[in-house]
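Per-entry structural report
Here is how the chains run, residue by residue.
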Amino acid sequence: MIVNKNVSDAGQAWTHKFNQQWTQTAGSWGERIAEYGQKWKLIPLFMGFLLGRALILEELTPFVVPYFIVMYYVRRDHLWIGAFALGAGAFSHSVPNGLEAVVSMAVALVACRMTERFRRKDFSRTPLVVLLTVFASHLLFDALTNQVSTYGLVMVAVESVLSFILTLIFVQALSIVHLAKPYEPLKNEEIVSLVILLASLMTGTVGWVVDGVSMEHVLSRYLLLLFAFAGGGTIGAAVGVVSGLILSLANVAALQQINLLAFSGLLAGLLKEGGKAGVSAGLLIGTAILAIYGGAEDTLYLSLVETGLAIVLFILTPAMVWKKVASFIPGTTENLQSHQEYMRRIRDVTAGKIRQFSDLFTQLSRSFAQTAEPAAKEEQVDLFLSRVTEFTCQKCWKKEQCWERETQATYQAMHTMMAKMYESGTLAGVDVPRDWERKCVKTEKVLAVMEQEYERFLTYSLLKKQVQESRKLVADQLSGVSRVMSDFAQEIQREGIELSFQEKQVSRALEGLGLSIRRVDIHSLEEGKVDIEISQPTCYGRDECAKIVAPLLTEILGENIVVKERQCEAFKDGYCKMCLASAKAYEIDIGVAGAAKDGKLLSGDSFKTMDLGNGKMALAISDGMGNGERAYLESQSALDILQQLLQSGMDEKLSIKTVNSVLALRSTDEMFATVDLALIDLQTAHTRFVKIGSTPSFIKRGSDVITVTANNLPVGILDEIEVDIETRTLKPGDLLIMMSDGIYEAPRHIENRQMWMKRLISELKSDDPQELADRLLERVIHQHSGQIVDDMTVLVARIDRFVPQWSAIHVHGMERVERPRIVS
């Protein structure tokens, strides 16, 4: 452990300094190489050349056809580059291999064209096509070169089976190379397939020897270093075994490479924490140990040289390369970061689309809010008089005399009559100017038409006003929807904040108290809106979540945290899941009492207590017109719509207006309902009262009783209403009392009902909400000698400071969690 730590510290210090300098220069090179590689299609060219050269058992070439056919289906735009490279690689090994590769690719192309129309969307039939193609093409080549024999047929069959297997591998591996996305972590079989592909490429370098140094050994160890550094010991050992096995099949003399690469990969991966220096040291130590242990002292020097060259290549590798490899390996930091980056992009795109809709609704709201300027008064007068003259003067034989010779006098006389009609609303009993009676031969008809036009004008003005009010209502609703969508877009982006560091900090703190924590997921650390989800083994009813976890989070977050939800043994293995959230500064205890008119079962009054989910509580009472089922349905419908609007994020004023418009438009009958709404902020106790046709509310604070009133008509009567909002700040111990008119207006003989109700409430000494509601209802019914003359409902809410159950438990010495800074 001491050696490991020393190697880790030294390696991290050295590699960090080197990487800072190297990454700056290599980063631009890497981007430039990647750009040229994509432009000139270097990847299929390089892969095709090496696979064309690769041999198994020194005579089989099972890589050509699988690569050609899979590329035909995966990346057809790279097919001919790949085919050229396959042929070039095969000819670089020997002319017969090159000719055989050309014949195989020709047969494969014909097979692909023939089977393309029958091919499914998946690759289920591709391996079978490859098997038949390899067998047919190799048999054809042997027949053309007169090499048909029993041994040759057996080897062709073996090569066909190997091609069948390699096709299954290439389908996954080539899809990863050309189509994979880094936010999709690879499965174990996909990683193995990718390693087999890379090892198959290295078999194309068999025989490349420079001064006794074998290129396949250098490249295999470089590949080992790359995967061990990216994925750790498990990945390093797996890559060593697979690449060693493939290389030993290509060169039987290299069978010992399996042991060397497997052991060195494991050792290098275990020293991953030491950075590049630690991984390189692991490979160097593993190579030396196995070379000495195997008794190959004569090859020790060359083996160390090959390892040294692989280390040099590895150190010179830019960070973008190994980070790209690590991004595909599940469990690595790079893979997690790439996935989070992808999710962040998805959130940004989603938030952008929502903002576009928000801007659209804002623009629609502005369009509806814009109304044409009313016509000037002179224009209205001219329009009015022109319509009157159209039906009277146009066909009169004295038109020329009145409107051409005496235009001003005629116009002034009609204007005077119109002004008198506007004042009195009619011309009946109004004195007509003498000059008019003397000159006009159709006085009665003119007066009748003027009255008709006046009635038409009034109707048009009323209709225009209603249209303007409706436009304004629609504009307000569209603006409210836009505001809700904009807030939602901000919430989406806030959820994308990376909190992995805080999750690890919370997990370490809990484990420091002796708890076994499986997972910590922090959804929000915003003050007052903390949301944390933790899973741990079952505590068998010891209530560890409330007694230990919540007090610990309270200490390290600096605010009260409570258990919002718990699921004991939620998972099959006995693990539990708990959800913890910010505790509200205040809590509310509610009591309700009610009675239906004449003691019936169904009351026309309705009430709701609504948790709006944003730290606010809504209390509401609605009284439908009349009594019985119809009144109940009306009041309940008003509260249901109001609850949906408030929980969607709309403000209370717009919500009330929307409820009013819905109730006014959905029925032609005269139906309305009162709404008494109180919105209480549980963090500040700040309360907003909205009263639409409802009775006053009362706040009992000790011996004092405070009245809250507002003057608004009930919803459903007018198309447009004005909503007044009263604000109060409640204090701990306050009792908020809301009631329907059946309670408030019960004493018919009392003129000042408000003073009577305040005195009645002050006489009730109970602080329990339910008891106070029951006693108040009982006293009101007693005023009528036990008769219930109307539907009666009273709702009492007591507000107190919230004290968590286990707040007395303090966990000292814990490091505070640093909250992310949010800039809106």
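Quick look at the overall build of the protein
Each helix and strand in the protein was counted, giving 27 helices and 16 strands. A separation of at least 24 residues holds for 70% of the contacts in the protein among residues at least 6 apart in sequence.

Quick word on unusual backbone geometry
With phi around 65 degrees, A685 is a residue other than glycine that occupies positive phi space. Relative accessible area serves as the criterion here: at 0%, A685 is assigned to the buried category.

Considering the sheet that holds strand β13 (residues 704-708)
Strands pair in a sheet through their backbones, by hydrogen bonds, and they do so in one of two ways: parallel or antiparallel. If you walk across this open sheet you meet the five strands as β7-β16-β15-β12-β13, and the pairing is antiparallel. The strands lining the two open edges of the sheet, one partner per strand, are β7 (586-595) and β13. On average, adjacent strands in this sheet sit at an angle of 20 degrees to one another, irrespective of strand direction. Taken together, the five bridges between strand β15 (residues 735-739) and strand β16 (residues 792-801) define a ladder with antiparallel strand orientation.

Quick look at the nonpolar core
Core analysis: the largest hydrophobic core is formed by 75 residues, its most contacted members being Y67, F68, I69, F170, L174 and F227. With 26 residues, the next largest nonpolar core counts A593, L764, M792 and V794 among its residues.

Considerations on the pattern of salt bridges
Under the defined criterion, the tally for this structure stands at 10 salt bridges. Close ionic contact of D531 with K564 constitutes a salt bridge, the shortest N to O distance being 4.0 Å. Here D531, found in strand β4 (residues 531-537), pairs with K564, found in strand β5 (residues 561-567); they are 33 residues apart in sequence, far enough to count as distant. Overall, D531 belongs to the partly exposed group, its relative accessible area being 23%. As a salt-bridge pair, D734 and R701 come within 2.8 Å of each other at their nearest N and O atoms. Highlighted residues: D734 in the loop between β14 (725-729) and β15 and R701 in strand β12 (residues 697-701), separated in sequence by 33 residues.

A closer look at the packing of helix α4 (residues 79-93) against helix α5 (residues 95-115)
Contact geometry for α4 and α5: axes closest at 5 Å, N-to-C directions at 155 degrees. With respect to each other, α4 and α5 are oriented roughly antiparallel. The way α4 lies across α5 gives a crossing that is right-handed. The segment α4 lies against α5, with W80, A83, L86, G87, A90, F91 and H93 engaging V95, N97, G98, L99, A101, V102, M105 and L109. Taken together, the residues that form the contact of α4 with α5 break down as 11 nonpolar, four polar and no charged.

Examining helix α23 (residues 628-648)
Its 21 residues give α23 an end-to-end C-alpha distance of 31 Å, which sits within 8% of 30 Å, the value for a rise of 1.5 Å per residue. Among the residues of α23, those classed as buried are A631, E634, S635, Q636, S637, A638, L639, L642, Q643, L645 and L646. Downstream of α23 by one or two residues, G649 has phi in the positive range, about 110 degrees.

Remarks on the sheet that holds strand β6 (residues 575-582)
Taken together, the four strands give an open sheet; going across it, the order is β3-β4-β6-β5, and neighbouring strands pair in antiparallel fashion. The open sheet has two free edges, formed respectively by β3 (519-524) and β5, since each of these has just one partner strand. The mean inter-strand angle of the sheet, taken between neighbouring strand axes irrespective of direction, is 20 degrees. Sheet topology places β4 next to β6; seven bridges connect them, and they run antiparallel. Bridged to S535 within β6 is K577. Each of β3 and β4 touches helix α21 (residues 500-512); the most contacted strand, β3, lies at about 135 degrees to it. Of the strands in this sheet, β4, β5 and β6 are in contact with helix α22 (residues 544-557), which crosses β5 at around 140 degrees.

Considerations on the pairing of β4
Here β3 pairs with β4 via five bridges, running antiparallel. When the sheet's bridge partners are listed, S524 is paired in β4 with D531. What sits between β3 and β4 in their antiparallel hairpin is a turn of six residues, with G528 showing a positive phi close to 85 degrees.

Digging into a nonpolar patch on the surface
Among the surface-exposed residues, F91, V95, L99 and V102 lie close enough to one another that they form a single nonpolar patch of about 330 Å² accessible area. Sort the elements by how many residues they give to the nonpolar patch and α5 lands first, with three residues. Relative to the helices and strands, V95 is located in helix α5.

Quick word on helix α2 (residues 42-53)
In a regular helix each residue adds 1.5 Å, so 12 residues correspond to 16 Å; α2 covers 17 Å between its end C-alpha atoms and thus fits that length. Among all positions of α2, only P44, M47, G48, L50, L51, G52 and R53 are buried.

A few points about the packing of aromatic side chains
A complete count under the given rule lists three aromatic pairs for this structure. Pairing Y72 with Y73 gives two aromatic rings, centres 5.3 Å apart and planes at 85 degrees, and the pair type is edge-to-face. Neither residue differs from the other here; Y72 and Y73 are each classed as buried. Sitting over the face of the ring of F314, K276 holds its NZ or CZ atom 5.5 Å from the ring centroid.

Thoughts on a negative patch on the surface
On the surface, a cluster of negative charge is made up of E587, D589, D767, D768, D774 and E778. Those elements that place two or more of their residues in the negative patch are β7 and α27 (769-783). Here E778 lies in helix α27. We classify E778 as exposed; its relative accessible area is 55%.

Quick notes on the confidence of the model for the protein
When pLDDT is averaged along the protein, the result is 77, and 83% of the positions lie at 70 or above. Here helix α1 (residues 2-40) is the element of the protein with the lowest mean pLDDT, 47, and β15 is the one with the highest, 92. Low confidence marks residues 1-19, where pLDDT is under 50. Its contacts with residues over four positions away, or in another chain, come to 17 contacts.

A closer look at the side chain of T707
One can find T707 in strand β13. According to the relative accessible area criterion, T707 is buried, its value standing at 16%. Setting aside anything within four residues of it in sequence, one finds T707 in contact with P696, S697, F698, R728, Q754 and K758.

Section: the packing of helix α9 (residues 215-231) against helix α12 (residues 275-293)
Two elements in contact, α9 and α12, have axes separated by 10 Å at closest approach and are oriented at 135 degrees. Of the possible angle classes, the one that applies to α9 and α12 is oblique. In the crossing of α9 with α12, the sense of the turn from one axis to the other is right-handed. Residues R221, L224, L225, A228 and F229 of α9 form the contact with α12, whose own contacting residues are G275, K276, V279, S280, L283 and T287. Taken together, the residues that form the contact of α9 with α12 break down as six nonpolar, three polar and two charged.

Some remarks on the environment of E100
Tracing the chain through its elements places E100 in helix α5. Residues E100 and H138, 38 residues apart in the sequence, show an inter-C-alpha distance of 7.1 Å.

Concerning the side chain of D521
Along the chain, D521 turns up in strand β3. When its relative accessible area of 17% is taken as the criterion, D521 is described as buried. Every residue in contact with D521, bar those within four places of it in the chain, is listed here: E503, D531, I532 and E533.

Section: the environment of H415
Mapped onto the elements, H415 comes out in helix α18 (residues 407-424). Each C-alpha atom of the pair H415 and L385 lies 7.8 Å from the other, and the pair is 30 residues apart in sequence. Each residue touching H415, except ones within four places of it in the same chain, is listed here: V381 and L385.

Rules and cut-offs
- Numbers given to residues run from 1 along each chain, matching the order in which its sequence is written.
- Totals for whole chains, interfaces and linings use every residue, but because this is a predicted model, local features are given only for residues with pLDDT of at least 70 and side-chain atom pairs only at 80 or more, for both listing and counting.
- Only hydrogens and water are set aside; all other atoms, that is, all heavy atoms of the structure, feed into the side-chain values.
- A run of DSSP states H or I qualifies as a helix once it reaches four residues; a run of E qualifies as a strand once it reaches two. Both are numbered from the N-terminal end.
- Throughout, a residue-residue contact means that at least one pair of heavy atoms, one from each residue, lies within 4.5 Å.
- Buried residues are those whose accessible area, probed at 1.4 Å on protein chains only, stays under 20% of the maximum for their type, while exposed residues exceed 50% and partly exposed ones sit between those limits.
- Two strands pair if DSSP finds at least two bridges between them.
- Geometry is summarised by axes, namely lines fitted to C-alpha atoms with helices restricted to the contacting stretch, and by angles between N-to-C directions that run from 0 to 180 degrees.
- Take the buried Ala, Val, Leu, Ile, Met, Phe, Trp, Tyr and Cys residues and link them wherever side-chain atoms come within 4.5 Å; each set so joined is a nonpolar core.
- Just to be clear on terms, a salt bridge is a Lys or Arg side-chain nitrogen sitting within 4 Å of an Asp or Glu carboxyl oxygen.
- Reported orientations rely on four angle classes, namely roughly parallel under 35 degrees, roughly antiparallel over 145, roughly perpendicular from 65 to 115, and oblique for the rest.
- In a left-handed crossing the near helix is turned counterclockwise from the far helix by less than a right angle, and in a right-handed crossing that turn is clockwise.
- For this scheme, ten residues count as nonpolar: Ala, Val, Leu, Ile, Met, Phe, Trp, Tyr, Cys and Pro. Four count as charged, namely Asp, Glu, Lys and Arg, and the remainder, Gly too, count as polar.
- Expected span, for any helix, means 1.5 Å times one less than how many residues it has.
- Without a salt bridge and with relative accessible area above 30%, a residue can belong to a patch; like charges are then joined within 9 Å and nonpolar side chains (Val, Leu, Ile, Met, Phe, Trp, Tyr) within 5 Å.
- Computed by Shrake-Rupley with a 1.4 Å probe, the accessible areas treat only the displayed protein chains as cover when residues are assessed.
- Each pair of aromatic rings taken from Phe, Tyr and Trp, with Trp reduced to its six-membered ring, is defined by centres within 6.5 Å and is described as stacked if the planes are under 30 degrees apart, edge-to-face if over 60, and tilted in the remaining cases.
- Only lysine NZ and arginine CZ atoms are considered, and such an atom sits over a ring when it is within 6 Å of the ring centre and within 35 degrees of the ring normal.
- Here Asp and Glu are counted as negative and Lys and Arg as positive; His is not counted, and neither are the chain ends.
- A single reference atom marks each charge: NZ on Lys, CZ on Arg, CG on Asp, CD on Glu.
- Each residue gets a pLDDT score, which is the predictor's confidence in that residue and runs from 0 to 100.

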